[in-house]
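# Working through the structure, step by step
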Amino acid sequence: MTQHLHLAVALDGYGWDPHAWRPTVASGTAPTAMLTGRYWAELAVTAERGLLDFLTIDDTLMPQVGRSARIHPDRLTGRADAVLTAARIAPATRHIGLIPVATVTHTEPFHVSKSIATLDFVSYGRAGWQPRVSATTHEAALFGRRSVDPSELFDEARDFVEVVRRLWDSWEDDAVIRDVTTGRYIDRDKLHYIDFTGKYFSVKGPSITPRPPQGQPVVAALAHAGPIYEFAAASVDVVFITPTDEAGVRNILGEVRTAGGQDLKVFADVVVSFKGNTDFRSDALVFGGRATELVDMLVEWQELGIDGARLRPAVNGTDLPVIVDEVVPLLQRAGRFRSGYVEGQTLRQRLGLPVALNRYVRVDK
């Protein structure tokens, strides 16, 4: 049997077309809908109806997509916090994984660790996290604390992820004992100081949040070049790549392997615009064909070695339903996609990631 393709969707604002707000508002959606929990919950329910592996929620330190300090008056401006949005989505869904972006530059790993751990609890083991760096001086100015050396961004990000992972492990799974007879709620020997000291962070621990249900929520990264592939290989479980054709798939997979990422789950990012409007810039391929053509391309890319695809709807309101109602059934008929969720399956399990062992548990010899 052919291995199933993993399929995810990336959500941001009203879609990845910078002018997606125009058809969305024209359709009757309130201009501020993307700041409401109902809007995001409805998108998530639609994605879950399509049996998708997970959805990601984008976030940056800027009010618009991109790194520019200039505010473009014709583009959607303003965003909600991705982690908080994911927490709002969790009770409205039962199966789909939830991977918000959380920035690692100018922020603290302690805060991110407990936020993602909390998301894993409220979603019953469906949480993930996409770290993102912030390289510009105008983003640094939002915090006013320090300038950024771009050459150190991914070294810092690597330490950030390491601290977060250690904090997730700082509680053993059975640290909470709730022993009424002895009056002990916690076994103190099963809480651990992480004692991390590095160039960028010095964190003692332990976390204030118990170890997440998955042990280690899924960590993903978007990567476009060699140094970022190296960061992904060292720090994350899933990498999003941006090929534009078969040659690009081959070349990038080779670069990922060269960087040490043989064990990474590799997802190809594709912006999809089924209305055919592809006249906008993107870091990923902008696909403007039919659902059948997209499926043919994804199957070919899977044969080349990708594990899955993360589709970015150009306009959420029109392109996400096509993914769910046309792309998914075509993949199912081709034997390339699941016919249902496995009840109680965590996101790690769905992606075929190994059980996350706790680094602080003493193994008796």
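Residues numbered from 1 in each chain as written. Predicted model: local features only at pLDDT ≥ 70, side-chain atom pairs only at ≥ 80, totals over all residues. Heavy atoms only, no water.

Moving on to the overall build of the protein chain. Along the backbone of the protein chain there are eleven helices and 13 strands. Against the 2.2 N^0.38 benchmark of 21 Å for 365 residues, the protein chain shows a C-alpha radius of gyration of 21 Å, consistent with a compact globule. Along the first, second and third principal axes, the C-alpha set of the protein chain runs to 65 × 50 × 45 Å. Here the protein chain holds 365 residues, and the buried ones make up 53% of them. The contacts of the protein chain with a sequence gap of at least 6 include a subset with a gap of at least 24, amounting to 74%. About 16800 Å² of surface is accessible on the protein chain, with carbon and sulfur atoms providing 52% of the total. The distance from the centre of the 40 positive side-chain charges to the centre of the 45 negative ones in the protein chain is 3 Å. (Helix = DSSP H or I, 4+ residues; strand = E, 2+ residues; numbered from the N terminus. Rg over C-alpha atoms; globule rule 2.2 N^0.38 Å. Buried < 20%, exposed > 50% of the residue type's maximum accessible area, 1.4 Å probe, protein only. Contact = heavy atoms within 4.5 Å. Areas by Shrake-Rupley, 256 points an atom, 1.4 Å probe, with all protein chains shown as cover. Lys, Arg positive; Asp, Glu negative; His and termini not counted. Charge placed at Lys NZ, Arg CZ, Asp CG, Glu CD.)

A word on the UniProt feature "domain: Luciferase-like" (unreviewed entry) in the protein chain. Sequence positions flagged by UniProt for "domain: Luciferase-like" (unreviewed entry) are, in local numbering, residues 33-265. Between the end C-alpha atoms of residues 33-265 there is a gap of 33 Å, over a span that is 34% helix and 16% strand. (UniProt positions renumbered as here; feature names shortened; annotations may be inferred.)

Quick look at helix α2 (residues 37-49) now. Along an α-helix, residues three or four positions apart point the same way, because every turn accommodates 3.6 residues. Along its 13 residues, α2 runs 18 Å from first to last C-alpha, staying within 8% of the 18 Å computed at 1.5 Å per residue. Within α2, burial applies to Tyr39, Trp40, Ala41, Leu43, Ala44, Thr46, Ala47 and Glu48. Tucked into the core, α2 has its buried residues touching β1 (6-11), β2 (54-57), α3 (82-89) and α10 (316-333). (Expected span 1.5 Å × (residues − 1).)

Right, let's get into the packing of aromatic side chains. Scanning all chains against the criterion turns up nine aromatic pairs. Plain terms: the ring middles of Phe154 and Phe231 are 5.5 Å apart, the flat faces sit at 55 degrees to each other, and that makes the pair tilted. Here Phe231 lies in helix α7 (residues 226-235) and Phe154 lies in helix α6 (residues 153-169), a separation of 77 residues in the sequence. The partly exposed category is assigned to Phe154, whose relative accessible area is 24%. Each member of the aromatic cluster is reached from another via a ring pair, and the members are Trp129, Phe160, Trp168 and Phe201. Taking the ring centre of Phe240 as reference, the NZ or CZ of Arg310 above it sits at 3.8 Å. Here the guanidinium or amino end of Arg312 rests over the ring plane of Trp16, the centre of that ring lying 4.7 Å away. (Phe/Tyr/Trp six-rings, centres within 6.5 Å; stacked < 30°, edge-to-face > 60°. Lys NZ or Arg CZ within 6 Å of the ring centre and 35° of its normal.)

Quick look at the nonpolar core now. Ranked by internal contacts, the top residues of the largest apolar core, which has 89 residues, are Leu55, Trp129, Val270, Leu294 and Leu311. Counting residues per element, this core draws most heavily on α6, which supplies eight residues. When neighbours within four sequence positions are excluded, Leu311 is seen to be in contact with Leu7, Ala8, Val9, Ala10, Val270, Val272, Leu294, Leu298 and Ile323. Listed in part, the eleven residues of the second largest apolar core include Ile99, Ala220, Phe267 and Leu347. (Core = buried A, V, L, I, M, F, W, Y, C linked by side-chain atoms within 4.5 Å.)

For α6, spanning 17 residues, the distance from its first C-alpha to its last is 25 Å, which sits close to the expected 24 Å at 1.5 Å a residue. The element α6 is extensively covered by neighbouring structure, given that twelve of its 17 residues are classed as buried. When we look at burial in α6, the residues that qualify are Leu153, Glu156, Ala157, Asp159, Phe160, Val161, Val163, Val164, Arg165, Leu167, Trp168 and Asp169.

With that settled, the discussion passes to the pattern of salt bridges. Using the criterion set out here, one finds 21 salt bridges in the structure. For Arg49, the salt bridge is made with Asp325, and the minimal N-O distance between the two is 2.6 Å. Residue Arg49 is found in helix α2, and its partner Asp325 is found in helix α10; the two are separated by 276 residues along the sequence. On the accessibility criterion, Asp325 (41% relative accessible area) is partly exposed. (Salt bridge = Lys/Arg side-chain N within 4 Å of Asp/Glu carboxyl O.)

For the pair helix α8 (residues 246-258) and helix α9 (residues 291-304), the least separation of the axes is 10 Å and the interaxial angle reads 30 degrees. It follows from the interaxial angle that α8 and α9 lie roughly parallel. α8 and α9 meet at a crossing whose hand is right-handed. The segment α8 lies against α9, with Glu246, Val249, Arg250 and Leu253 engaging Glu300, Trp301 and Leu304. Of the residues contributing to the contact of α8 with α9, the split by class is four nonpolar, no polar and three charged. (Axes fitted to C-alpha atoms, helices over the stretch in contact; angles between N-to-C directions. Parallel < 35°, antiparallel > 145°, perpendicular 65-115°, else oblique. Left-handed = near helix turned anticlockwise from the far one by under 90°. Nonpolar A, V, L, I, M, F, W, Y, C, P; charged D, E, K, R; others polar.)

Below, the discussion takes up the UniProt feature "binding site: FMN" (unreviewed entry) in the protein chain. Per the UniProt entry, the sites bearing "binding site: FMN" (unreviewed entry) are Asp59 in this numbering. In this structure, Asp59 sits in the loop between β2 and α3. One polar contact links the side chain of Asp59 to the main-chain amide nitrogen of Ala82, over a distance of 3.0 Å. (Polar contact = N/O pair within 3.5 Å; in protein donor to acceptor, adjacent residues only side chain to side chain.)

Below, the discussion takes up the pairing of β1. Of all six residues that make up β1, six are buried, and the element is covered over most of its length. Pairing of β1 with strand β13 (residues 308-313) involves four bridges; the strand directions are parallel. Bridge pairing links Ala8 to Arg310 in β13. Here β1 runs beside β2; their pairing, made up of four bridges, is parallel. Its bridge partner being in β2, Ala10 is matched across the sheet by Thr56. (Pairing = 2+ DSSP bridges.)

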